Structure formats: C-alpha cells, structure tokens
Amino acid sequence: GDQVEQSPSALSLHEGTGSALRCNFTTTMRAVQWFRKNSRGSLINLFYLASGTKENGRLKSAFDSKERYSTLHIRDAQLEDSGTYFCAALDRGSALGRLHFGAGTQLIVIP
Amino acid sequence: NSKVIQTPRYLVKGQGQKAKMRCIPEKGHPVVFWYQQNKNNEFKFLINFQNQEVLQQIDMTEKRFSAECPSNSPCSLEIQSSEAGDSALYLCASRTGWDNQAPLFGEGTRLSVL
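Here the structure is a predicted model, which means the values were calculated and not measured.

Reading the values: the criteria
Residues numbered from 1 in each chain as written. Chains lettered and ligands numbered in written order. Predicted model: local features only at pLDDT ≥ 70, side-chain atom pairs only at ≥ 80, totals over all residues. Heavy atoms only, no water. Helix = DSSP H or I, 4+ residues; strand = E, 2+ residues; numbered from the N terminus. Buried < 20%, exposed > 50% of the residue type's maximum accessible area, 1.4 Å probe, protein only. Polar contact = N/O pair within 3.5 Å; in protein donor to acceptor, adjacent residues only side chain to side chain. Contact = heavy atoms within 4.5 Å. Pairing = 2+ DSSP bridges. Axes fitted to C-alpha atoms, helices over the stretch in contact; angles between N-to-C directions. Salt bridge = Lys/Arg side-chain N within 4 Å of Asp/Glu carboxyl O. Nonpolar A, V, L, I, M, F, W, Y, C, P; charged D, E, K, R; others polar. Disulfide = S-S within 2.5 Å.

Residue and element names in this part refer to chain B. Within the secondary structure layout, Arg64 lies in helix α1 (residues 59-64). By relative accessible area, Arg64 is classed as buried at 17%. A distance of 3.5 Å separates the side chain of Arg64 from the side chain of Glu83, its partner in a polar contact. Here Arg64 is in contact with Glu78, Ile79, Gln80, Ser81, Ser82, Glu83 and Asp86, once residues within four sequence places are set aside.

Rendered as structure tokens:
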C-alpha cells in the first residue's frame, strides 16, 4: 500500500543464517501485524504489536510508532520458513482499525 | 485453527454471474473487514462493519458489491456481476475494536471468474 513500504521484496537465505525484513510507514501507525502466507494462500499471524518488541522462537519483531517502522528478524532460518511475509499497520486516522498492507517479502531458504 | 470461518473455500463463476461469499466472525468481535488480495499479492480494503452498520467502503464496493452483516447470521459479500478482474482471494477479518488485540483473519475465499 502507499502508506507502507516493505523491504526487501525478495530475500534468499542459506539455512542457519538470519536476516531482517522491514516496513517503513509514511504516517504514524497505531499497531503493526506480521503475517506469513502459507501454501494454501492463507495468512498466518506471526506477531501483533502496539509497541516494543515480541519474540517467538526464531522470530522477533519490533515496532517503533514514533520512528515509523517495524522489523521482523529471522534467525537460524529453516527450509520451512520459505514463503511470503507481509506486514500490515493500523492507521491512526482510520475507523476501528483498517489495515494497510505492505507489498510482501518473498523469502527463499536455501539448503 | 482459524476462528473466523469463511465459506466457500473456492468459488468459480462465469462473467456476469453473481458471486457470494460468507464469513462468520469470531464470537464477540463486533468489527468485520473484507479485503481483496490479487494475484500480485496486493491487498485492497473493500468494506468494514461495526455490528450491522457499514463504517467505510470503497467506491467499487458500493457500486458493484452487496455486503451485509446481519445479527445472528453470517456476514456476506456478493459481487452482483462478476468480472475477470474480480478473480482474487477475498479475506474476512474480525476484531474487538481495541488496539491491543489483533484482528483475526479467515482462510479466505478464492474466486475465479472464467
């Protein structure tokens, strides 16, 4: 979306390595959500943050509303982490939390 | 397991036909959203409801779609006359309205217009 800039658009990682995805926002957002699209095309919720950081296994996410960005860190990447990742953010001005989505990052984990 | 139930999972229609999809939001979630995700992974907000009332909708939805969220019945989104460009994944999400609680997404209805 035009309010969310997600990078990189594509990423290749060797198994066991790590990297970070980033979403920059053109305006102040209230919260951010990170998803992974599964093989059936459904969105799997990874994190939802209104501030600060959250960690779950090999994934960690941070959200800074004031600085207008969020990150998703993946460490010790595994083959099953391959897929498309999206961030989505809640606009401060929108009625009851309309989400603005990033364009996605296609992650390929290489053996 | 998703707590937002969308049916059908797949829908195939010819151009000009009506296409109807349904969504049962999570219990206790008064706010419902519909998004369209196209083959390029681009998301488009379509409409949202609070209880039975429409809060916001885009022009396309107002002109070509019929949507409702009646009490005690599933929400629905219906394209009145399907076009090839409507082929997409339609996602329903529900939330409480509180910022500290994440919206829940259904698995989507994948519409193919032939």
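Before going further, it helps to spend a moment on the pairing of strand β8 (residues 75-79) of chain B. Residue and element names in this part refer to chain B. Of all five residues in β8, five are buried, a share of seventy percent or more. As judged from the four bridges shared by strand β7 (residues 65-68) and β8, these two strands associate in the antiparallel manner. Paired with Ser66 across the bridge in β8 is Glu78. In this structure, the hairpin formed by β7 and β8 is closed by a connection of six residues, where Asn72 is found at a positive phi of approximately 65 degrees.

Note: most peptide bonds trans; most residues except glycine with negative phi. Geometrically, the link from Ser7 of chain A to Pro8 of chain A is a cis peptide bond, its omega value of -10 degrees lying close to zero. Note that Pro8 of chain A resides in the loop between β1 (4-7) and β2 (10-14). At the junction of Thr7 of chain B and Pro8 of chain B, the peptide bond is cis and its omega measures out at -10 degrees in the coordinates. Mapped onto the secondary structure, Pro8 of chain B falls in the loop between β1 (5-7) and β2 (10-13). Even without a glycine there, the phi angle at Asp76 of chain A is positive, about 50 degrees. Tracing the chain through its elements places Asp76 of chain A in the loop between β8 (69-74) and β9 (83-91). In this structure Asp76 of chain A comes out as partly exposed when scored by relative accessible area, which is 35%.

This next bit is on the sheet that holds β1 of chain B. Residue and element names in this part refer to chain B. Read across the sheet, four strands follow the order β1-β3-β8-β7 without closing on themselves; strand pairing throughout is antiparallel. The open sheet has two free edges, formed respectively by β1 and β7, since each of these has just one partner strand. The average angle at which neighbouring strand axes cross in this sheet is 15 degrees, direction not considered.

Between chain B and chain A, the contact holds 24 residues from the first and 22 residues from the second. Summed over the shared surface of chain B and chain A, the result is zero salt bridges. At the surface where chain B touches chain A, the tally comes to five residue pairs in polar contact (both at pLDDT 80 or more). Counting only elements with at least two residues in the side of chain B that touches chain A, the list comes to β4 (31-37), β5 (43-50), β6 (53-57) and β9 (88-95) of chain B. Residues belonging to the side of chain B that touches chain A are distributed by class as follows: 11 nonpolar, eight polar and five charged.

Attention now goes to the state of the cysteines. Residues and elements named next belong to chain A. Following the criterion strictly, the structure yields three disulfides over all chains and no others. Two residues share a disulfide in this structure: Cys23 and Cys87, whose sulfurs sit 1.9 Å from each other. Taking the torsion about the sulfur-sulfur bond, which here is approximately -100 degrees, the covalent link between Cys23 and Cys87 counts as left-handed. With Cys23 in strand β3 (residues 19-25) and Cys87 in strand β9, this residue pair connects regions lying 64 residues apart in the sequence. Note on Cys87: relative accessible area 0%, which makes it buried.

Here we take up the pattern of salt bridges. Summed over the entire model, instances satisfying the criterion amount to four salt bridges over all chains. Note that Asp81 of chain A is salt-bridged to Arg58 of chain A, the shortest N-O span being 2.6 Å. In this pair, Asp81 of chain A sits in the loop between β8 and β9 while Arg58 of chain A sits in the loop between β6 (52-56) and β7 (59-64), placing the two residues 23 residues apart along the sequence. Taking the relative accessible area as the measure of exposure, Arg58 of chain A reaches 24% and is therefore partly exposed. Glu107 of chain B serves as the salt-bridge partner of Arg9 of chain B, at 3.8 Å between the closest nitrogen and oxygen. With Arg9 of chain B in the loop between β1 and β2 and Glu107 of chain B in the loop between β10 (104-105) and β11 (109-113), this pair connects stretches of sequence that are 98 residues apart. By relative accessible area, Glu107 of chain B is classed as partly exposed at 29%. Look at the salt bridges and you will find they share partners, linking Arg64, Glu83 and Asp86 of chain B into a network.

None of this, on its own, says anything about what the molecule does.
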